[in-house]
2 protein chains.
Amino acid sequence: MKRVFQLPQEELPKRWYNVLADLDQSLPPPLDPRTQEPVDPKALLALFSRECIAQEVSTDRFIDIPEGVLEVYRLWRPTPLFRAVNLERRLQTPARIYYKYEGTSPTGSHKPNTAVAQAYYHKVEGTKRLTTETGAGQWGSALSFACHVFGLKCLVYMVRVSYEQKPYRRIMMEVYGAEVVPSPSPNTAAGRRVLAENPNSTGSLGIAISEAIETSLNEPGTKYSLGSVLNHVLLHQTIVGEEALLQMEMAGEFPHVVVGCVGGGSNFGGLILPFFREAKKRQRLVEFLAVEPIACPSITKGEIRYDYGDTAELTPLIRMHTLGHRFVPPPIHAGGLRYHGMAPIITHLVEEGVVKAVALDQVDVFEGAVVFAQCEGIIPALESAHAVRAAIDLARDCAKTGEEKVILIGLSGHGHFDMAAYRDFLEGRLPRLTTSPVSQA
Amino acid sequence: MKRVFQLPQEELPKRWYNVLADLDQSLPPPLDPRTQEPVDPKALLALFSRECIAQEVSTDRFIDIPEGVLEVYRLWRPTPLFRAVNLERRLQTPARIYYKYEGTSPTGSHKPNTAVAQAYYHKVEGTKRLTTETGAGQWGSALSFACHVFGLKCLVYMVRVSYEQKPYRRIMMEVYGAEVVPSPSPNTAAGRRVLAENPNSTGSLGIAISEAIETSLNEPGTKYSLGSVLNHVLLHQTIVGEEALLQMEMAGEFPHVVVGCVGGGSNFGGLILPFFREAKKRQRLVEFLAVEPIACPSITKGEIRYDYGDTAELTPLIRMHTLGHRFVPPPIHAGGLRYHGMAPIITHLVEEGVVKAVALDQVDVFEGAVVFAQCEGIIPALESAHAVRAAIDLARDCAKTGEEKVILIGLSGHGHFDMAAYRDFLEGRLPRLTTSPVSQA
């Protein structure tokens, strides 16, 4: 039985898919918090590249991937799509399970797909340095790598608790030549404000975002880069779904269910959007399942409203699922899923009934991850393990009903940096969150 | 310019290459230390599978890979071969540099190539459990993975200092369902002997080997597995070189130099042996360069003689390059290269003048690894980084002479488990070994 579907490099897709062209209504625009009016795109030029701002509102169905980006993608793309033969056997399910694996990228996750694109456009437009925030470090290491490739400097504000307790991704960033600063830092007014109140602050993603944005606004030649949520980030990630479409065709399949984990929504969006387009075209009913941690249940327990993207209220207001921009999730291991908001595109698709969501406890997620690792060999990143566990549950349902569902999992990264968390799980030291930290909205 | 050469899965080689068929003279046999006579293969049945013992002395040029092994190989094989375009640019060299990358395997190195084969044969022959030793854990995690795939139990004796200080690969083994015991342990006479002398012993690979062998000899249904040195291990690793041959053909190239790191020699042998065969057939002059750490310079400073494979003198005597079976190398980070001996096949090829060797200091190796990571994205395992550094030196020489050498590097694994070592390097805390710990032989 065929187990790996490897797209020839010649067939690497050359266009990203822009779902804005195919939505029944346009997305509500980001608002300037002072005026409550739509943000003037020009105001965003202080932060983002001209090209990414244009992509943010483009309604072109396809956008060509520049050759300079394709050249870097070819370091690891196309990524493989696997049939989970051993997992199917273990679950004794009639379901056919596939997974699209992004862990073979240089930094071990899907994040470089947009990091490379953003760094490329900045390089072309003359930016000298990029700055960003990072929690555990998946995004920061991806941007560090991308900046180095294009000869840009990179400054990463890393949440202090991760900087100190999870140094390995920090070192990875430094190997790629980035400057990594623990946040809160004395470099910025935002950082100094926090340190004045609490010199021992361990930081938060919200503070780190504020520091990165402030740096970008104040230092000429330095711009800001965001790793999720925004339309252009999801756009760049559609390379994942476009490849997976072709690979599922090689397998002679079209999925009944596509499952991915959601933090800000870029991994999930990148995988599902091309399938959303094709399902419409082929009039196929496909279930798109977003999996979030019950510790940070933006879709299943959040509200849909305008909210800030960051704690310090420096970003425009964005209409999205939100747990409130001051929400601080419990310290679960899947750091990449600890975001209070959601990509507006995903929020829109939830409202349209296209995307369903489910929230899982991390103990259940780890159980699924270990089963997967034992069957398929790959140890999933904890974020990706959320999708794995949800897919296992679906496949077990099929074992009961006899349904031959085709399930596609987005396996967004490997877990080689997550071994301390696996240790806590194996040693029974992980608490189960019996109740969600968020009361029912 | 084409950057990745991805072999279609249909072209995964179906045979291993056995170099014993093509050596001008047969290798001196292993000796029983008590009698100094060649070891009776039957005596080895207490440790190894019948099939592997047969492979150890076979002179068939090709040995079919069983379908049950191929099926597991397909989880990650064929692995990619890359042209190091960015590295070439950085070095401004006319050399064309390629690397064969084994880091996409489930455990991140080349070790599963033989682990899967060994576990498969044991499964077929009715073995219930395998035991082995591991230092930092590359081999132990590969065998744990392979055992789980075939439903065998796995017991790994892990050198205590690594067990305590480098827990991540231990956890990986446990995720794959293996039992991991810090060595020296009270489980074995060998372990108890050491603990009686020194209850705080941090262990050594030599002691761990003794414990694994003793367990295998004493417990019915349990056999032993070795991850390097032996002929059948190099045989299984030739899958790497066979793929690389086809991929270099896709690139329209045949290498002038093939460079790999050597610990026990299985990664290096697996890569070069198929090229050795083809170079002979095509009457091409190819340089095969083995790179070792100056902390453990088996080839460049060792003697060629009969010696034990382990510290406790439980193995047969093997004729090989050796630093003496009681040699304890300084604690360098590339744990996989800290072995006193060498695969007899490699020793033979050095004697024949086919293989050359060079020894590098780890500080130089890290410098090369960081240059490579910045250009190619992949952070090399420290073992593999030895080959990378040697290749960089060759390419720099080409920049001076103008030679358009084709250089093929064996990149045997990723460095995502080596970040603490990269930190030590970046922070300038790595000592340079100004003199080798071994006096000139």
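Remember, predicted model here, so these are calculated numbers, not experimental data.

K.L.:
How do you make sense of the pairing of strand E5 (residues 96-101) of chain A when you look at a structure like this?
P.N.:
Each regular strand displays side chains that alternate between the two surfaces of the sheet. Residue and element names in this part refer to chain A. Among the six residues of E5, five are classified as buried, and the element is accordingly described as predominantly covered. In terms of strand pairing, strand E4 (residues 81-83) meets E5 through three bridges, oriented antiparallel. Residue pairing in the sheet places Arg-83 in a bridge with Tyr-98 of E5. Pairing of E5 with strand E15 (residues 406-411) involves six bridges; the strand directions are parallel. Note on E15: the bridge partner recorded for Tyr-99 is Ile-409.

K.L.:
Looking at this structure, how should I read the environment of Leu-195 of chain A?
P.N.:
Residue and element names in this part refer to chain A. Among the structural elements, Leu-195 can be located in helix H8 (residues 189-197). A sequence separation of 149 residues divides Leu-195 from Ala-46, and the C-alpha atoms of the two residues are 26 Å apart. What Leu-195 contacts, discounting residues up to four positions off in sequence, is Pro-184, Ser-185 and Pro-186.

K.L.:
Quick question: what am I supposed to make of the relation of the copies chain A and chain B here?
P.N.:
Superposition of the two copies of the chain requires a rotation about an axis together with a shift along that axis. When chain A is fitted to chain B, the residual RMSD is 0.0 Å, and the transformation amounts to a turn of 180° plus an axial shift of 0.0 Å. Interpreted geometrically, this transformation is the action of a two-fold axis.

K.L.:
When you look at the confidence of the model for chain A in this model, what are you seeing that I'm missing?
P.N.:
The pLDDT averaged across chain A works out to 93; a share of 98% of its residues lies at or above 70. At the level of chain-chain contacts, confidence expressed as ipTM amounts to 0.87, with global pTM at 0.91.

K.L.:
In this structure, what is going on with the sheet that holds strand E1 (residues 4-5) of chain A? I would like to understand it.
P.N.:
Sheet strands line up and pair through hydrogen bonds in the backbone, either parallel or antiparallel. All names here are of chain A. Within the open sheet, the seven strands sit side by side as E1-E4-E5-E15-E10-E11-E14. Their pairing is mixed. With one partner strand each, in any of the chains shown, E1 and strand E14 (355-360) form the two edges of the open sheet. As paired strands, strand E10 (residues 257-261) and E15 are joined by three bridges and run parallel to one another. Bridge assignment links Val-257 to a residue of E15, and that residue is Ile-407.

K.L.:
What should I look at first to understand the interface of chain A and chain B in this one?
P.N.:
For interface size, the figure often reported is the accessible area lost on association. Every contact between the two is made by 43 residues of chain A and, on the other side, 44 residues of chain B. The largest per-residue losses of area from chain A upon contact with chain B belong to Leu-75, Val-175 and His-416 of chain A, which jointly make up 17% of the total buried on that side. The tally of links between chain A and chain B comes to six salt bridges. We note a salt bridge from Lys-2 of chain A to Glu-10 of chain B, for which the minimum N-O separation is 2.8 Å.

K.L.:
Can you walk me through the sheet that holds strand E7 (residues 153-159) of chain B in this structure?
P.N.:
Residue and element names in this part refer to chain B. Pairing within the open sheet is parallel, and its four strands lie in the order E8-E7-E6-E9. A strand with exactly one partner marks an edge of an open sheet, and here the two such strands are strand E8 (179-183) and strand E9 (222-224). Between one strand axis and the next, the sheet turns through 25° on average, direction left out of account. Sheet topology note: the E7/E8 ladder contains five bridges and is parallel. When the sheet's bridge partners are listed, Met-158 is paired in E8 with Pro-182. Contacts from helix H9 (residues 205-218) reach strand E6 (129-134), E7, E8 and E9 within the one sheet, and its direction differs from that of E6 by about 170°.

K.L.:
I tried to follow the side chain of Thr-322 of chain B on my own but got confused; where do I start?
P.N.:
Residue and element names in this part refer to chain B. Among the structural elements, Thr-322 can be located in strand E13 (residues 317-322). Overall, the relative accessible area of 2% leaves Thr-322 in the buried class. Within the structure, the side chain of Thr-322 is placed 2.8 Å from the backbone nitrogen of Gly-324, a separation counted as a polar contact.

K.L.:
It is not clear to me how unusual backbone geometry should be interpreted in this structure. Could you clarify?
P.N.:
Residues apart from glycine generally show negative phi values, whereas peptide bonds are mostly found in trans. Residue Pro-78 of chain A follows Arg-77 of chain A across a cis peptide bond; omega there is -5°. Mapping Pro-78 of chain A onto the fold places it in the loop between helix H2 (67-73) and E4. Of the consecutive residues Ser-183 of chain A and Pro-184 of chain A, the connecting peptide bond is found in the cis state with omega at 10°. Position of Pro-184 of chain A among the secondary structure elements: in the loop between strand E8 (179-183) and H8. Of note, the phi angle at Gln-92 of chain A is positive, near 45°, even though the residue is not glycine. Residues other than glycine seldom take positive phi values, yet Val-229 of chain B does so here, at roughly 70°. Along the chain, Val-229 of chain B turns up in the loop between E9 and helix H10 (231-250).

K.L.:
What exactly am I supposed to notice about the packing of helix H14 (residues 362-376) of chain A against helix H15 (residues 382-401) of chain A here?
P.N.:
Relative placement of two packed helices is described by the angle separating their axes and the distance separating the axes. Residue and element names in this part refer to chain A. Across the interface, H14 lies against H15 with an axial gap of 8 Å and an inter-helix angle of 85°. With respect to H15, the element H14 is oriented roughly perpendicular. Residues Asp-364, Val-365, Phe-366, Glu-367, Gly-368, Ala-369, Val-371 and Phe-372 of H14 pack against Leu-382, Ala-385, His-386, Val-388, Arg-389 and Ile-392 of H15. Looking at the contact of H14 with H15 residue by residue, the classes come out as nine nonpolar, two polar and three charged.

K.L.:
What is the right way to read the side chain of Ser-225 of chain A from this model?
P.N.:
Residues and elements named next belong to chain A. For Ser-225, the location among the structural elements is in the loop between strand E9 (222-224) and helix H10 (231-250). Owing to a relative accessible area of 0%, Ser-225 belongs among the buried residues under this scheme. The residues contacting Ser-225, other than those within four sequence positions of it, are Gln-118, Leu-130, Thr-131, Thr-132, Trp-139 and Leu-143.

K.L.:
Teacher, can you tell me more about the nonpolar core here?
P.N.:
The biggest cluster of nonpolar side chains holds 123 residues, and the ones touching the most others in it are Trp-16, Tyr-73 and Phe-275 of chain A together with Tyr-99, Val-259 and Tyr-422 of chain B. When residues in this core are grouped by element, the largest group, ten residues, is from helix H15 (residues 382-401) of chain B. Apart from the residues lying within four places of it in its own chain, the contact partners of Tyr-99 of chain B are Leu-75 of chain A together with Pro-80, Leu-81, Phe-82, Arg-83, Ala-84, Phe-372, Glu-376, Ile-378, Leu-408, Ile-409 and Leu-411 of chain B. Counting 122 residues, the second largest nonpolar core, distinct from the first, contains Leu-87 of chain A together with Trp-16, Cys-154 and Phe-268 of chain B.

Scoring rules and cut-offs
- Residues numbered from 1 in each chain as written.
- Chains lettered and ligands numbered in written order.
- Predicted model: local features only at pLDDT ≥ 70, side-chain atom pairs only at ≥ 80, totals over all residues.
- Heavy atoms only, no water.
- Buried < 20%, exposed > 50% of the residue type's maximum accessible area, 1.4 Å probe, protein only.
- Helix = DSSP H or I, 4+ residues; strand = E, 2+ residues; numbered from the N terminus.
- Pairing = 2+ DSSP bridges.
- Contact = heavy atoms within 4.5 Å.
- Least-squares fit on C-alpha atoms with pLDDT ≥ 70 in both.
- pLDDT = per-residue confidence, 0-100.
- Buried area = accessible area lost by both parts, 1.4 Å probe.
- Salt bridge = Lys/Arg side-chain N within 4 Å of Asp/Glu carboxyl O.
- Axes fitted to C-alpha atoms, helices over the stretch in contact; angles between N-to-C directions.
- Polar contact = N/O pair within 3.5 Å; in protein donor to acceptor, adjacent residues only side chain to side chain.
- Parallel < 35°, antiparallel > 145°, perpendicular 65-115°, else oblique.
- Nonpolar A, V, L, I, M, F, W, Y, C, P; charged D, E, K, R; others polar.
- Core = buried A, V, L, I, M, F, W, Y, C linked by side-chain atoms within 4.5 Å.

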